[in-house]
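Here is how the chains run, residue by residue.
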Amino acid sequence: MAVHTFNLTYEFVSMQGAPFNNYTDQVISEVVVNITGVDQADNSKSLTVTEYFYWSPTDRLATKSDANWTSFRDVTPADMEGWVKNRIDNSAEMQAALNMQFTCKIYGTTEADA
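Let me begin by describing the structure that accompanies this report. (Residues numbered from 1 in each chain as written. Predicted model: local features only at pLDDT ≥ 70, side-chain atom pairs only at ≥ 80, totals over all residues. Heavy atoms only, no water.)

### Notes on the packing of aromatic side chains
Counted under the stated rule, the structure contains two aromatic pairs. Ring centres of phenylalanine 6 and phenylalanine 102 lie 5.3 Å apart, and the angle between their planes is 45 degrees; on these two criteria the pair is classed as tilted. Of this pair, phenylalanine 6 sits in strand β1 (residues 6-20) while phenylalanine 102 sits in helix α3 (residues 92-107), and the two are 96 residues apart along the sequence. Summarising the burial analysis for this pair, phenylalanine 6 and phenylalanine 102 share the class buried. Judged by centre distance (6.1 Å) and plane angle (70 degrees), the ring pair of tryptophan 55 and tryptophan 83 falls under edge-to-face. Here tryptophan 55, found in the loop between β3 (46-54) and α1 (57-62), pairs with tryptophan 83, found in helix α2 (residues 77-89); they are 28 residues apart in sequence, far enough to count as distant. Note that arginine 87 overlies the ring of tryptophan 55, its terminal NZ or CZ placed 4.7 Å from the centroid. (Phe/Tyr/Trp six-rings, centres within 6.5 Å; stacked < 30°, edge-to-face > 60°. Helix = DSSP H or I, 4+ residues; strand = E, 2+ residues; numbered from the N terminus. Buried < 20%, exposed > 50% of the residue type's maximum accessible area, 1.4 Å probe, protein only. Lys NZ or Arg CZ within 6 Å of the ring centre and 35° of its normal.)

See the structure below:
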């Protein structure tokens, strides 16, 4: 066969932040999510993996203004799940890596070799 394609869902696990604004707020620098992949060809085959996503606090601050700043305290799990989803949706490389990971873990590496 070949590498399978998976439908992905996301579940927030945790976040980390870097101090900002004289330690009165934080910039989110790490988000941990559980990603569940369900095989598009056989929805009885699924797997959940835990993945870590990192952002540079300096880069994040450079693209934010006071008008569009959301405090660390006000960011919701759904916001962070959306950030991860957008990051994966906009990266063919990340999508391919997750499809390979799910294929190998569910079906074995020989499935991906075919």
